[in-house]
Structure formats: C-alpha cells, structure tokens
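Examination of the molecular architecture
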Amino acid sequence: MPASPATAGRPELVYIDDQIFPDHDVEPWTELPLWLPPGPQPAAARATSCAKTPAAGPHRRPVTDSIHDTATWPFAPGGEQEAFEDDRHFSASTPFLSTEKEQTILTAHTAKQPQPK
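The sections below set out a description of the structure shown in this document. (Residues numbered from 1 in each chain as written. Predicted model: local features only at pLDDT ≥ 70, side-chain atom pairs only at ≥ 80, totals over all residues. Heavy atoms only, no water.)

Some points on the pattern of salt bridges
Defined as follows: Each reported salt bridge corresponds to a side-chain nitrogen of Lys or Arg within 4 Å of a carboxyl oxygen of Asp or Glu. Per the convention used, a helix needs a DSSP run of H or I reaching at least four residues, while a strand needs a run of E reaching at least two, with both numbered from the N terminus. Burial here depends on accessible area, computed with a 1.4 Å probe over protein chains only, as a share of the maximum for the residue type. Under 20% is buried, over 50% is exposed, and the range in between is partly exposed.
Scanning the model with the defined rule gives two salt bridges in all. For the salt bridge of Lys-101 with Glu-31, the shortest nitrogen-to-oxygen distance reads 3.0 Å. In this pair, Lys-101 sits in helix H6 (residues 99-112) while Glu-31 sits in the loop between helix H1 (20-23) and helix H2 (40-46), placing the two residues 70 residues apart along the sequence. You'll find Lys-101 and Glu-31 in the same group, each marked buried. For the salt bridge of Arg-61 with Asp-69, the shortest nitrogen-to-oxygen distance reads 2.5 Å. Given the relative accessible area of 42%, Arg-61 is considered partly exposed.

By themselves, these figures tell us nothing about what the structure is for.
Below is the structure:
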C-alpha cells in the first residue's frame with residue numbers, strides 16, 4: 001500500500017479474529033471503533049438492515065476520504081474535544097487503541113497463524 005497522506009505512514013490491512021480483542025481487554029467501540037464483542041446486545045446492533053439506505057439517497061465514498069477525514073478531524077481546532085466528548089463518560093481508558101496494545105495484538109495474531117512449510 002502506498003503511504004497515506006492522512007497518516008504519513010504505510011498502513012497494512014490485517015484481518016484478525018474477533019476473539020483476540022476480548023483476550024487483550026480491548027474496550028468495544030472506543031479503543032476499536034465499530035467493533036463490538038460477540039453477545040446478545042451487540043448482535044442486535046449487527047442485525048440492523050441497511051437495505052433501504054441506497055433508496056434514501058446516501059452514497060458510498062472512497063475509503064481513503066474517510067480515513068483522511070477521520071485522521072485529521074481531532075487535529076482541527078476543537079476537534080479532539082468534539083471527537084471524543086461523548087466517549088469520556090464511558091471509560092477512563094485512552095479513547096483509542098495505543099500503539100503498544102496494537103503491537104501486542106498483532107504479535108499474538110501472528111503467533112496463532114500457521115507457519116509456512
């Protein structure tokens with residue numbers, strides 16, 4: 001992947017089994033946006049249909065635009081407060097996945113992968 005102008009890095013997309021997140025005490029939604037652990041309440045959130053959405057007018061936008069806007073939003077004047085003000089009452093933890101915790105999860109994920117023969 002080319003360097004991202006939004007983050008000045010070279011992102012690598014890694015698919016990880018959902019079970020690894022609770023194993024590492026990842027806080028749903030705040031440390032890992034749009035992720036909820038398995039269970040009856042989160043299942044209801046995932047069961048919502050978006051079949052009517054295209055008829056209502058919204059359109060898809062390039063993921064690179066979403067990444068750029070999401071990465072730059074907290075750095076705009078007042079952006080960090082606006083971006084995280086609703087999350088502050090949920091937890092005293094950092095409102096994002098720390099680099100150290102991300103690396104620990106990626107290392108655990110890699111250790112579980114079958115080794116090439």
